[in-house]
Structure formats: C-alpha cells, structure tokens
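# Structural description and commentary
One letter stands for each residue in the lines below.
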Amino acid sequence: MQKNKLQTKKSWESLVGWGLQIRESADNLRWELGSLACECVKNYGEDSLGKLAGEIGVKKSLMQQYRWVVQKFTGVKNLSEKFGHLSFSHIRLAAGCGDPDNYIDEAIKHDWTVEQLEKQIQTDKKPKAKGLSEVQQETNQLRKALDIMKHFFEVKKIDGITD
C-alpha cells in the first residue's frame, strides 16, 4: 500500500504519448494481420483464411477486412512512412474511395480525425447541386421533347391512327 502513495503522478503528456504508442502498435498489428491474410490466401487459397483466423483467435471477418485494406495499398511495408500519424481507421476509410491516396494526403495535410475524413468523403460523394443555367437548359430540353411528342400525337390523330 505504501508504494502506491509514493509513486509519482504521470503527466498528461506522458499518458497521451503512451496512448499514442499503444494505438500505433495496434494499427501496425492490424496491418500485419492483413499482410498475413494476403500471404495465407496467396499460398493456401481463399478457404484457408477462416482456418487461419480460427487458429490465431481472430475473427475471419476482421482478417478479411484487414486483407482488403492491405490490398488497396500494395507495396506499403511501413505504415508511418506512407500514412504518417493516421490510424488504421483512417486508412480503412480512404481505401474504400476511388482515389484513396488523395484522401490520405488530405487527411495528413489537414490533420483530420477519422470523423472529419469520413465527413469529407461523404461530402465529396454527394451530387453537386445544379446551377440555375443547367436547370434552365434541362427544362428547355424537356419542353422541346414534349412539343415533339405533342406534334407526333396530333399527326396520328390527323392520319386516323389509333393504338
């Protein structure tokens, strides 16, 4: 009991540093599991992944997810060199985009959280609002098409054609 009272309180900065080290280790672990899953499937086929997952105590769905992320960034061996301070969650989100490297670069540049990256991806996926001139052009095209249809049906009536 006496020893606990004598221990010094850790500074906030040291706790944050410790937490960052743990998170980085966890991210590296996910990356390594993804690489392991790639090797397993390459050497033993797709069906072997479930067996490997069971034997190492990791859910097959997680192994598949980690593998999918690693496959999106082939050739990357060192996470911190390619992705800086970004977490595996950042990388996983970017991997699902058409241009993952762009999102990675932007997330690093702007120091985005996972939530900020996700919001940016969702914003970019939303269709852009049309300007007034585009709406007017489409309206004019629809009016022309309607006039052609009206003319067509008037011709049918004059010729006595009915369906």
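Residues numbered from 1 in each chain as written. Predicted model: local features only at pLDDT ≥ 70, side-chain atom pairs only at ≥ 80, totals over all residues. Heavy atoms only, no water.

## Focus on the confidence of the model for the protein
Confidence in the prediction for the protein averages 87 pLDDT; 88% of positions are at 70 or higher. Across the protein, helix α3 (residues 48–56) holds the top mean pLDDT of 98, while helix α1 (residues 2–6) sits lowest at 56. (pLDDT = per-residue confidence, 0-100. Helix = DSSP H or I, 4+ residues; strand = E, 2+ residues; numbered from the N terminus.)

## Looking at unusual backbone geometry
Located in the positive-phi region is Asp 111, a residue other than glycine, with phi close to 55 degrees. Position of Asp 111 relative to the elements: it lies in the loop between α7 (100–110) and α8 (114–125).

## Considerations on the packing of aromatic side chains
In this structure the tally under the stated criterion is three aromatic pairs. Geometrically, the ring pair formed by Tyr 66 and Phe 88 is edge-to-face, given 5.5 Å between the ring centres and 90 degrees between the ring planes. Of this pair, Tyr 66 sits in helix α4 (residues 60–72) while Phe 88 sits in helix α6 (residues 88–95), and the two are 22 residues apart along the sequence. The pair formed by Tyr 66 and Phe 88 is uniform in burial state, with each residue classed as buried. One aromatic cluster is present, built from ring pairs that chain together Trp 31, Phe 73 and Phe 83. (Phe/Tyr/Trp six-rings, centres within 6.5 Å; stacked < 30°, edge-to-face > 60°. Buried < 20%, exposed > 50% of the residue type's maximum accessible area, 1.4 Å probe, protein only.)

## Notes on the pattern of salt bridges
Counted according to the given criterion, the structure contains five salt bridges. A salt bridge links Asp 27 to Arg 23, with the shortest nitrogen-to-oxygen separation between them at 2.8 Å. You can see Asp 27 and its partner Arg 23 sitting in helix α2 (residues 12–44), four residues apart, about one turn around the helix. With a shortest N-O distance of 3.5 Å, Glu 39 and Lys 42 are connected by a salt bridge. You can see Glu 39 and its partner Lys 42 sitting in helix α2, three residues apart, about one turn around the helix. The exposure class assigned to Lys 42 is exposed, which follows from its relative accessible area of 62%. (Salt bridge = Lys/Arg side-chain N within 4 Å of Asp/Glu carboxyl O.)

## Regarding α3
Within the span of α3, buried status applies to Ser 48, Leu 49 and Ala 53. All buried residues of α3 lie within an arc of 135 degrees about the axis, which places them on one face of the element. The outward face of α3, more than 90 degrees from its buried face, is lined by the exposed residues Lys 51, Gly 54 and Glu 55. Looking at the buried residues of α3, the elements they touch are α2 and α4. Where α3 terminates, the next one or two residues include Gly 57, which has phi positive at roughly 75 degrees. (Arc of directions from axis to C-beta. Contact = heavy atoms within 4.5 Å.)

## A short note on a nonpolar patch on the surface
On the surface, Trp 12, Leu 15, Val 16, Trp 18, Leu 20 and Ile 22 cluster together into a nonpolar patch covering about 660 Å² of accessible area. Mapped onto the elements, Trp 12 comes out in helix α2. (Patch = residues over 30% accessible without salt bridge, like charges linked within 9 Å, V, L, I, M, F, W, Y side chains within 5 Å. Areas by Shrake-Rupley, 256 points an atom, 1.4 Å probe, with all protein chains shown as cover.)

## Some details on the nonpolar core
If you look at the biggest cluster of nonpolar residues, it comprises 28 residues, and the most contacted ones within it are Trp 31, Met 63, Phe 73, Phe 83, Ile 91 and Ile 104. Within the residue set of this core, elements represented by two or more residues are α2, α3, α4, α5 (79–83), α6, α7 and α8. Looking at which element gives the most residues to this core, the answer is α2, with five residues. Apart from the residues lying within four places of it in its own chain, the contact partners of Met 63 are Leu 33, Leu 36, Ala 37, Leu 49, Leu 52, Ala 53, Ile 56 and Val 58. (Core = buried A, V, L, I, M, F, W, Y, C linked by side-chain atoms within 4.5 Å.)

## Considering the side chain of Arg 67
Structurally, the position occupied by Arg 67 is in helix α4. On the accessibility criterion, Arg 67 (14% relative accessible area) is buried. Not counting the four nearest positions on each side in its chain, Arg 67 is found in contact with Gly 34, Ala 37, Cys 38, Val 41, Glu 46 and Leu 49.

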